Amino acid sequence: MTQADIQSVLSSISPSQIASFAESLGRCLALALEHTGDLYSCDHFVEPKYKLGNIREHRMIDLVVLPVQQRFGQAKRDSLPRYCLDCDVRFACHGGCPKDRFTRTPDGQDGLHYLCPSYQSFFRHIRPTMDAMCQLLRANRAPAELMTVYAAEDTHRGRNEPCTCNSGRKWKNCHGR
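Residues numbered from 1 in each chain as written. Predicted model: local features only at pLDDT ≥ 70, side-chain atom pairs only at ≥ 80, totals over all residues. Heavy atoms only, no water.

### Things to note about the overall build of the protein chain
In plain terms, the rule: Strands are runs of DSSP state E lasting at least 2 residues, helices are runs of H or I lasting at least 4, and numbering of each runs from the N terminus. We call two residues in contact whenever any of their non-hydrogen atoms come within 4.5 Å of each other. We get accessible surface area from the Shrake-Rupley algorithm with a probe of 1.4 Å; when it comes to residues, only the shown protein chains can shield them.
Helices and strands together make up the secondary structure of the protein chain, namely 7 helices and 5 strands. Secondary structure elements in the protein chain, listed N-terminal to C-terminal, are α-β-β-β-α-α-α-α-β-β-α-α. Taking all contacts inside the protein chain whose residues are at least 6 apart in sequence as the whole, residues at least 24 apart take part in 34%. Surface exposure of the protein chain reaches about 11,500 Å², of which carbon and sulfur atoms provide 53%.

### Quick word on the sheet that holds strand S3 (residues 51–54)
The cut-off we apply is this: Note on pairing: two strands pair once DSSP finds at least 2 bridges between them.
The strand order across the open sheet built from 3 strands is S1-S2-S3, with neighbouring strands paired in antiparallel fashion. The open sheet has two edge strands with one neighbour each: strand S1 (32–33) and S3.

### Brief notes about the packing of aromatic side chains
To keep it simple, the criterion reads: Aromatic contacts are taken between Phe, Tyr and Trp rings whose centres are within 6.5 Å, Trp giving its six-membered ring; a plane angle under 30 degrees counts as stacked, one over 60 as edge-to-face, and the others as tilted. Working definition: with a 1.4 Å probe on protein chains only, accessible area under 20% of the residue-type maximum means buried, over 50% means exposed, and in between means partly exposed.
Taken as a whole and judged by the stated rule, the model has 8 aromatic pairs. With a centroid separation of 5.8 Å and 85° between ring planes, the pair formed by Phe21 and Phe123 is classed as edge-to-face. Highlighted residues: Phe21 in the loop between helix H1 (3–11) and S1 and Phe123 in helix H6 (residues 116–138), separated in sequence by 102 residues. Assessed through its relative accessible area of 27%, Phe21 is described here as partly exposed. Ring centres 5.2 Å apart and planes at 70° place the aromatic pair Phe122 and Phe123 in the edge-to-face group. We classify Phe123 as buried; its relative accessible area is 12%.

### As for the nonpolar core
We apply this condition: Buried residues of nine kinds, namely Ala, Val, Leu, Ile, Met, Phe, Trp, Tyr and Cys, make up a nonpolar core once their side-chain atoms join them within 4.5 Å.
Grouped together as the largest cluster of nonpolar side chains are 6 residues: Cys87, Val89, Ala92, Cys93, Tyr119 and Phe123. Counting only elements with at least two residues in this core, the list comes to helix H5 (90–93) and H6. Not counting chain neighbours up to four residues away, the residues in contact with Cys87 comprise Gln120 and Arg124. Leu25, Cys42, Phe45 and Phe72 belong to the second-largest nonpolar core, a separate cluster that totals 5 residues.

### Let's talk about a nonpolar patch on the surface
As a reminder of what qualifies: Nonpolar side chains (Val, Leu, Ile, Met, Phe, Trp, Tyr) are joined into patches within 5 Å and like charges within 9 Å, using only residues with over 30% relative accessible area and no salt bridge. Note on definitions: salt bridges are taken to be side-chain nitrogens of Lys or Arg within 4 Å of carboxyl oxygens of Asp or Glu.
Taken together, the side chains of Leu33, Ile55 and Met60 present a nonpolar region at the surface, about 230 Å² in accessible area. For Met60, the location among the structural elements is in helix H2 (residues 60–64). Classification of Met60 as partly exposed rests on a relative accessible area of 36%.

### Focus on the side chain of Gln120
Turning to its location among the elements, Gln120 is positioned in helix H6. Classification of Gln120 by relative accessible area gives buried; the value is 11%. The contacts of Gln120, once residues within four sequence positions are left out, are Tyr83, Cys87 and Val89.

### Looking at empty space enclosed by the protein
Stated precisely, the cut-off is as follows: Within this scheme a cavity is a closed region of a 1 Å grid, computed over the protein atoms alone, that accommodates a 1.4 Å probe without allowing it to escape, whereas a pocket is open but has protein on both sides within 12 Å along at least five of seven lines; lining residues each have an atom within 4 Å of a point. Grid points are joined across faces, edges and corners, and a volume is the space filled by probe spheres set on the points. Under the scheme applied here, ten amino acids are nonpolar (Ala, Val, Leu, Ile, Met, Phe, Trp, Tyr, Cys and Pro), four are charged (Asp, Glu, Lys and Arg), and all others, including Gly, are polar.
As enumerated under the stated definition, the model contains 3 cavities of 30 Å³ or more in all. Lining of the largest cavity is provided by Cys84, Cys87, Val89, Arg90, Cys93, Gly95, His113, Cys116, Tyr119 and Gln120. Taken together, the elements giving at least two residues each to the lining of the largest cavity come down to H5 and H6. In terms of residue class, the lining of the largest cavity is built from 6 nonpolar, 3 polar and 1 charged.

### Looking at the pattern of salt bridges
Under the counting rule described, the total for this entry stands at 10 salt bridges. Between Asp78 and Arg77 there is a salt bridge, and its shortest N-O distance comes to 3.0 Å. Here Arg77 falls in the partly exposed class, since its relative accessible area comes to 29%. A salt bridge links Arg127 to Asp88; its shortest N-O distance comes to 3.3 Å.

Spelled out as structure tokens, the structure:
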């Protein structure tokens, strides 16, 4: 492998992404390196099937760019059930970690992440705030400006009104403390 090949692969890796929420694992490195030097595709898949090799015998970069590792990374995206592919918040969770996809979709297809209903609830709940933050960023303004808006709204909210988080509790006993 040439230096240019290595640079090409490294430039496609984004270490800032959380592997669970990345579209594929090829752009995230969540490798597992054992004390023996054995390198595995992911820290959640330390099994013979996912062993890339040993760093005593091969350079780590050569193991990371193996086609088998690239296929492992793409399988996260390619194995999503139809329910996930049609989901309005898939852009945020991408089906979560494959190790946690052990429940069934509402129509009975295997491969749904067990936290899917919670992910959907959370990402739908924060969407308006995230959209507002994006608008501020596009206008070259700080997303933190939303804090002022929310603080102003809170000053007009009665202590006994329902909490804005839809918990069913009164504002004073929930987020209004």
